[in-house]
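Spelled out, the chains give:
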Amino acid sequence: MLKVQDLCARSPNETLSGISFEVPNGQILAVVGRSDSGKHLLGEVLAGKGHIISGEIQANSYRHRTHRQKIQIQTGYLANPVELEEFLTGFELLDLIGSLYHLAPKDRSRMIESLATALDLGSYLYGVIELASLATRQKIGLAAALIHSPRIIILDEPAQYLDFVGQELVEKLMLDHAREGSSIVMITNNLELAERLADEIIVLDQGQKILEGTLQQLINQTKSHTRSLKGVMETVLGHA
Amino acid sequence: MLKSSARYWQIRAGQSLSKATGLDYFLVLLLGCLLYLIGRSWVGSTIESPGVILLTMINVGLGVGILALWVILLWRLPFWLAIGSLILTIWWLTTSPIISTLLEHTAQPEIYSQLLVLLTGLGGLGAISALAQLTNGYKSGRPSKYWLVLNHKSPLPSYSGLGSLVIMGFLRILRDRIFVAVLIFLTLMLLAKISGWAIPGSWLTIVITGIMTLSVMISRKLGPLASSLLTNFPGLPTTKGAIDFALGITSLVIVAALSWTILFGLLGLTATDTLWLTGIFLVGQISITLIARSSRESAELGLLGGWWIVIIQLSALAIIYQIMWQFNLSGVMLILLVVLSLFVALTSYQEPTHSATISSTW
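Because the structure is predicted, anything quoted here is derived from the model rather than measured.

Conventions adopted
- Residues numbered from 1 in each chain as written.
- Chains lettered and ligands numbered in written order.
- Predicted model: local features only at pLDDT ≥ 70, side-chain atom pairs only at ≥ 80, totals over all residues.
- Heavy atoms only, no water.
- Pairing = 2+ DSSP bridges.
- Helix = DSSP H or I, 4+ residues; strand = E, 2+ residues; numbered from the N terminus.
- Contact = heavy atoms within 4.5 Å.
- Axes fitted to C-alpha atoms, helices over the stretch in contact; angles between N-to-C directions.
- Patch = residues over 30% accessible without salt bridge, like charges linked within 9 Å, V, L, I, M, F, W, Y side chains within 5 Å.
- Areas by Shrake-Rupley, 256 points an atom, 1.4 Å probe, with all protein chains shown as cover.
- Salt bridge = Lys/Arg side-chain N within 4 Å of Asp/Glu carboxyl O.
- Buried < 20%, exposed > 50% of the residue type's maximum accessible area, 1.4 Å probe, protein only.
- Core = buried A, V, L, I, M, F, W, Y, C linked by side-chain atoms within 4.5 Å.
- Expected span 1.5 Å × (residues − 1).
- Arc of directions from axis to C-beta.
- Left-handed = near helix turned anticlockwise from the far one by under 90°.
- Nonpolar A, V, L, I, M, F, W, Y, C, P; charged D, E, K, R; others polar.
- pLDDT = per-residue confidence, 0-100.

1. Comments concerning the sheet that holds strand E2 (residues 15–23) of chain A
All names here are of chain A. Within the open sheet, the 4 strands sit side by side as E2-E1-E4-E5. Their pairing is antiparallel. Each edge of the open sheet carries a strand with a single partner, namely E2 and strand E5 (62–63). Note: strand E4 (residues 52–59) against E5, 2 bridges, orientation antiparallel. Across the sheet, Gln 58 pairs through a bridge with Arg 63, a residue of E5. Strands strand E1 (2–10), E2 and E4 of the sheet are contacted by helix H1 (residues 39–46), whose axis makes an angle of about 115° with E1.

Listed below in structure tokens is the structure:
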């Protein structure tokens, strides 16, 4: 379970002001909003990358202030954009990340094989990342975020650069992890993906949470004219 | 029939190669030790200095390795092209004055000659690696199955990640085209000098300039790696200091292999000098690490997994130095043993302070 209370943070482009939410085990929370609404910064802060001004992050029994490392090791983070070590092959990178998480060689081998199959990496796993397509890089980045079977998963635009087949694979992988009990925070501009996968959705605007609930609750709250997340966003944030 | 047979052997060679280059360190180490012992008993009767014996063995191994890599490289070409290239290679090897000069130097029981052959061999290895890049479909953008003949498909035997980082550091250097190009250039200069061509500059100028250039490139390549890893994977249970430490070891190994050997040969550094240099460097590195560990955050992360492991490792290193001191082994031998002991220390199992496996409290 991931619990965030009154979180305030700042980066050169984004701010977060008093954000609170909770993601129970096995649930997917989608964070949506305009560009620079603070959702990217939220992902960084949850992954332990950004600096927190005030507020509290709690992962099950661990509090960020006292057990930061214990939270971080149980967190998997897909950055946006994902920047991987270009000189390594996908396999080598996953092996390196797995070993840094203290996974035994046998476990690493099993996890790499499992993730490569789930994401249909095929022979691209053994190609140098420098030569890989954006879609392959995205898949390798996602595999690296999940190699240690984290219980808190923060994914910033997990399906970007992927075709419809790749998106389906990522969706299935996320649902599998949720089924196994992980709490997933998905930061995305892909509203259809959020609709399909999220148990709950929060809408950020200028660093503040302006809406929270299931899709149905958001539609009811905003009295949106169309029964979609896009309609909700247009109602509360206005047209482009 | 012939084609299918060639294909069969191509596949077999590929599988063997995958196994052989799967970085199975213990096997390689074992074979290396055996080869060394056999070689020592064979060569030892005519050459007195253990440093020269070691260098001779390394050079012979390097030569055999380069030839084997070349054959493996040819194996990936179409069958008749591979056979043609092989015949051409054999003809060149048997008639080239460069090769005969190199063989003469290899047979010389002098450290100076052995160092020249070593540098030339390293350059040759770089050249073969560069060719491997081209034949791996690097230009065409196809995923390469065997990248620089070092692509491995099974996990490294590292539990703490630091051993993996050392290997990745090596790959970072070996896969840099500019580094390979500089290495080839240095080799060509040495080859030209060996062949008696009028190259401006003394041996010392060429070697020192080359090594300095390579050292700067190594630092520039490995420096940003820690920040890059931690930016993209902030949850990794390690610190920038720990990653820098592992990559520092990588730099040390590469630079030491090139420069300390040369300094030992050309400037006449004694084994005792090298011992002190190595000792001072390692004590410095370990002291910095221990001081860093005293802060609360570093202590929580645990660079080496616990104080007792640090004490054991320090004791092991002290014993190794004591043995080296007592037996008065050469600097080259000492460096090799230090590198091996560090490698073993870094890749051996270390109890993590945090486990990535989730406890039942979840």
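2. So, the side chain of A:His64
Topologically, A:His64 is positioned in the loop between E5 and helix H2 (68–73). Among all residues touching A:His64, those that are not within four sequence positions of it are A:Ile52, A:Glu56, A:Ile57 and A:Ile71.

3. Brief notes about a nonpolar patch on the surface
There is a patch of nonpolar side chains on the surface, built from B:Phe79, B:Trp80, B:Ile83 and B:Ile87 and spanning about 430 Å² of accessible area. You can see B:Phe79 is positioned in helix H4 (residues 79–95).

4. Looking at the sheet that holds strand E8 (residues 183–187) of chain A
Sheet strands pair via backbone hydrogen bonds, and the direction of the pair is either parallel or antiparallel. All names here are of chain A. A sheet is described by the order of its strands in space; here 6 strands give the open sequence E6-E7-E8-E3-E9-E10, paired in mixed fashion. Of all strands in the sheet, those with a lone pairing partner are strand E6 (75–78) and strand E10 (208–213), marking the two edges. On average, each strand axis in the sheet is tilted by 15° relative to the strand beside it, whichever way the strands run. Pairing analysis gives 4 bridges linking E6 to strand E7 (residues 152–156), with the strands arranged parallel. What sits directly across from Leu 78, in E7, is Leu 155.

5. Digging into the pattern of salt bridges
Residue and element names in this part refer to chain A. All chains considered together, the criterion is met by 9 salt bridges over all chains. Between Asp 107 and Arg 110 there is a salt bridge whose closest N-O contact spans 3.7 Å. Highlighted residues: Asp 107 and Arg 110, both in helix H4 (residues 105–118), separated by 3 residues, approximately one helical turn. Here Arg 179 ties to Asp 176 by a salt bridge, and the two come within 2.9 Å at their closest N and O atoms. Separated by 3 residues within a single helix, Arg 179 and Asp 176 lie in helix H6 (residues 164–179), roughly one turn from each other. Arg 179 gets classed as exposed once you look at its relative accessible area, which sits at 64%. Taking relative accessible area as the criterion, Asp 176 reaches 22% and is therefore assigned partly exposed. Look at the salt bridges and you will find they share partners, linking Lys 172, Asp 176 and Arg 179 into a network.

6. A word on unusual backbone geometry
Among all residues except glycine, the phi angle is most often negative; among peptide bonds, the trans geometry is most common. All names here are of chain A. Backbone torsion omega between Asn 80 and Pro 81 reads 0°, so that peptide bond is classified as cis. Topologically, Pro 81 is positioned in the loop between E6 and helix H3 (90–100). Phi is positive for Asp 120, close to 55°, though the residue is something other than glycine. By secondary structure assignment, the location of Asp 120 is in the loop between H4 and helix H5 (134–146). A positive phi angle, near 50°, is found at Glu 157, a position not held by glycine. Looking at the secondary structure, you find Glu 157 in the loop between E7 and H6. The exposure class of Glu 157 is buried, given its relative accessible area of 10%.

7. Digging into H1(A)
All names here are of chain A. The buried fraction of H1 amounts to 7 of the 8 residues, a majority that puts the element mostly inside the structure. Those residues of H1 not exposed but buried are Lys 39, Leu 41, Leu 42, Gly 43, Glu 44, Val 45 and Leu 46. Taken from the residues just after H1, Gly 48 is the one with a positive phi, measuring 90°.

8. Things to note about the pairing of E2(A)
Residues and elements named next belong to chain A. The pairing of E1 with E2 spans 6 bridges and is classified as antiparallel. The partner of Leu 2 across the bridge, within E2, is Val 23. Taking the residues that link successive antiparallel strands as the turn, the E1-E2 hairpin has 4 residues.

9. A few points about the nonpolar core
Ranked by internal contacts, the top residues of the largest apolar core, which has 80 residues, are A:Ile97, A:Ile147 and A:Leu229. Not counting residues within four places of it along the chain, the set of residues in contact with A:Ile97 comprises A:Ala144, A:Ile147, B:Leu229, B:Phe233 and B:Leu236. The next biggest cluster of nonpolar side chains, apart from the first, holds 28 residues, and it includes A:Tyr62, A:Ala79, A:Ile154 and A:Val185.

10. Here we look at H4(A)
Residues and elements named next belong to chain A. Compared with the 20 Å implied by 1.5 Å per residue over 14 residues, the 20 Å span of H4 between its first and last C-alpha is a close match. Buried within H4 are the following residues: Pro 105, Arg 108, Met 111, Ile 112, Leu 115 and Ala 116. The arc enclosing the buried residues of H4, seen along the axis, measures out at 125°, which places them on a common side. Of the residues in H4, the exposed ones pointing more than 90 degrees away from the buried face are Lys 106, Arg 110, Glu 113 and Thr 117. Elements in contact with the buried residues of H4: H3, H5 and H6. Asp 120, located one to two residues past H4, shows a positive phi value of around 55°.

11. Some thoughts on the environment of A:Ile140
Residue and element names in this part refer to chain A. With respect to the element layout, Ile 140 can be found in helix H5. Sequence separation between Ile 140 and Leu 119 is 21 residues; the distance between their C-alpha atoms is 8.6 Å. Setting aside chain neighbours within four positions, we find Ile 140 in contact with Leu 84, Gly 90, Leu 93, Leu 94, Leu 121 and Ile 129.

12. Describing the packing of helix H8 (residues 215–222) of chain A against helix H9 (residues 229–237) of chain A
Helix packing for two helices is described by the angle between their axes and how far apart those axes are. All names here are of chain A. For the pair H8 and H9, interaxial distance at closest approach is 10 Å and the crossing angle is 35°. In this structure, H8 meets H9 at a crossing whose hand is left-handed. For the pair H8 and H9, the contacting residues are Leu 215, Leu 218, Ile 219 and Thr 222 in the first and Leu 229, Val 232, Thr 235 and Val 236 in the second. Here the contact of H8 with H9 is built from residues that sort into 6 nonpolar, 2 polar and no charged.

13. Section: the confidence of the model for chain B
Looking at chain B, pLDDT values average 62 and 40% of them are 70 or higher. If you check the scores for this complex, the pTM reads 0.66 and the ipTM reads 0.86.

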